[in-house]
Amino acid sequence: MSTTRHIRDVVFVDGVRTPFGRAGEKGIYHGTRADDLVVKTIRELLRRNPSLPAERVDEVSIAATTQTGDQGLTIGRTAALLAGLPRSVPGFAVDRMCAGAMTAVTTTASGIGVGAYDVVIAGGVEHMGSHPMGAGADPNPRFMSERLVDPAALNMGNTAENLHDRFPAITRERADAYAVASQAKLASAYGAGKIQPDLVPVATHRPGEGFGLATTDEPPRPGTTLEDLAGLRTPFRPHGRVTAGNAAGLNDGATACLLTSAETAEELGLEPKMRLVAFAFAGVEPEVMGIGPVPATEKALTKAGLAIEDIGLFEINEAFAVQVLSFLDHFGIADDDPRVNRYGGAIAVGHPLASSGVRLMTQLARQFAEDPSVRYGMTTMCIGLGMGGTVIWENPHHPDYRKGE
């Protein structure tokens, strides 16, 4: 018997997320469990895709950055059980800090590619109100004693200030202008009904206040102006450039997506929204982790046999405005290029760490559907401790989809 295998096409069938909340006692998810947020997204995927039998799910991969409490206990498996999937469906947990959900996707997609899986659910969750970033961490003292990394590398805000130092053309004023545009684009997308279709309503319970229903994102501040941002303090450095206005906040939320092989999608009558073309991760100096998307993108483009000019849509996670602007400058893309973050980004909508990778994919998929003229799109993000991740996707609505392969 021949053991020769071909690499199968992997398609993104659907993606959903909870509304994102502000972390802390005043946030919408104060009193709501992280694993319950994940369960909502898994159940919604199954509801939206009724032709998929639950027993056909081969794996559930869920990411969390702080894997303790209700984000621990191998959350991919526990969330699958809580969501009512058959006990035969396995699951596992992933951690690559901000790129957790992205890594859940690329890891399981690789499994689909070699035939280990036909159908997977991948996503991420972060309840930063219950599990602040770095809570319970115990960095090895060798990082400091042997100067393996600068102490600033362990604080993401400091790394963003370092990136401003490295690229002095990226001023605070420019970062603030980018942030204002992000808020405006998200508000416009909400007004046009482009965000709401992929949100899962979540019943919430705040101690002492009873029940509620979360249906929209909590972090956005529509109408934000440059004047509003100019008065904000710079918490990471006196007279610095990084503020709460030009960086993503601390947030709670969950995401999940459905991936299959192209053959399985056809068999089950599932309509692909994107095809995975290539992906890559790269390491950089931890002190300037925000530059990570640049080498990751260069690697992914090389693997795909594409150039940056071939990318018609970019979904870049906005951990900090300076991080996005350094990427745009490197590739010669204007700050206001209409291909970039058409629906706004994390500065406006929030960044619940390990969940954000799938939010980028879900938004790109919706943009593909509304713009068939775009053949290739990209989701990319910086990652704590000095990394970047990029995934390149193809639009099935483009007239040349999969031609020449």
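Our subject is the structure listed above.
Remember, it's a predicted structure, so these values are computed and weren't measured experimentally.

*Asks:* Tell me about the packing of aromatic side chains, and please be specific about residues and values.
*Replies:* Under the counting rule described, the total for this entry stands at 4 aromatic pairs. Taking 6.2 Å as the distance between ring centres and 65° as the angle between the ring planes, the aromatic pair formed by phenylalanine 279 and phenylalanine 281 counts as edge-to-face. In this structure phenylalanine 279 comes out as partly exposed when scored by relative accessible area, which is 27%. By relative accessible area, phenylalanine 281 is classed as buried at 14%. Taking the centre distance of 4.9 Å and the plane angle of 55° together, the rings of phenylalanine 327 and phenylalanine 331 count as tilted. For the pair phenylalanine 327 and phenylalanine 331, a shared accessibility class is recorded, and that class is buried. Three or more aromatic residues joined by ring pairs form one cluster here, namely Phe314, Phe327 and Phe331. Just above the ring of phenylalanine 20 sits the side chain of arginine 17; from NZ or CZ to the centre is 4.5 Å. The aromatic ring of phenylalanine 281 is capped on one face by arginine 96, whose charged end is 3.7 Å from the ring centroid.

*Asks:* Any chance you could break down the environment of glycine 312 for me, citing the residues and the numbers?
*Replies:* Mapped onto the elements of the fold, glycine 312 is located in strand β10 (residues 311-316). Beyond its immediate stretch of four places on either side in the chain, glycine 312 contacts Arg339, Val374 and Tyr376.

*Asks:* Account for the pattern of salt bridges, naming residues and giving values.
*Replies:* Side chains that differ in charge, positive against negative, can pair when their charged atoms come close. In total, this model carries 24 salt bridges according to the counting rule given. Aspartate 329 is the partner of arginine 174 in a salt bridge, and the nearest nitrogen-oxygen pair spans 2.5 Å. Here arginine 174 is found in helix α6 (residues 172-191), whereas its partner aspartate 329 is found in helix α10 (residues 321-330), with 155 residues between them in sequence. We classify arginine 174 as buried; its relative accessible area is 18%. One salt bridge in this structure joins glutamate 370 and lysine 194, with 3.7 Å as the shortest N-O distance. Placement of the pair is glutamate 370 in helix α12 (residues 356-370) and lysine 194 in the loop between α6 and β6 (202-206), with a sequence separation of 176 residues. Among the residues examined, glutamate 370 registers a relative accessible area of 37% and is labelled partly exposed. Accessibility expressed as a relative area gives 30% for lysine 194, which makes it partly exposed. One connected set of salt bridges, linked through shared partners, spans Asp14, Arg48, Asp198, Lys273 and Arg366.

What counts and how
- Within each chain, residues carry numbers counting from 1 in the order of the written sequence.
- Only residues with pLDDT of at least 70 get local features here, since the model is predicted, and only at 80 or more are side-chain atom pairs given and counted; chain-wide, interface and lining totals rely on the full set of residues.
- Side-chain measures here rest on the full set of heavy atoms in the structure, leaving out hydrogens and waters.
- The criterion for an aromatic pair is that two Phe, Tyr or Trp rings (for Trp, the six-membered ring) have centres within 6.5 Å, with stacked assigned to planes under 30 degrees apart, edge-to-face to planes over 60 apart and tilted to the rest.
- Throughout this description, buried means an accessible area under 20% of the type-specific maximum (1.4 Å probe, protein chains only), exposed means over 50%, and partly exposed covers the range between.
- In our convention, an over-ring charge means Lys NZ or Arg CZ found within 6 Å of a ring centre and within 35 degrees of that ring's normal.
- Strands are runs of DSSP state E lasting at least 2 residues, helices are runs of H or I lasting at least 4, and numbering of each runs from the N terminus.
- Contacts: residue pairs with any heavy atoms within 4.5 Å of one another.
- One speaks of a salt bridge when a side-chain nitrogen belonging to Lys or Arg is within 4 Å of a carboxyl oxygen belonging to Asp or Glu.

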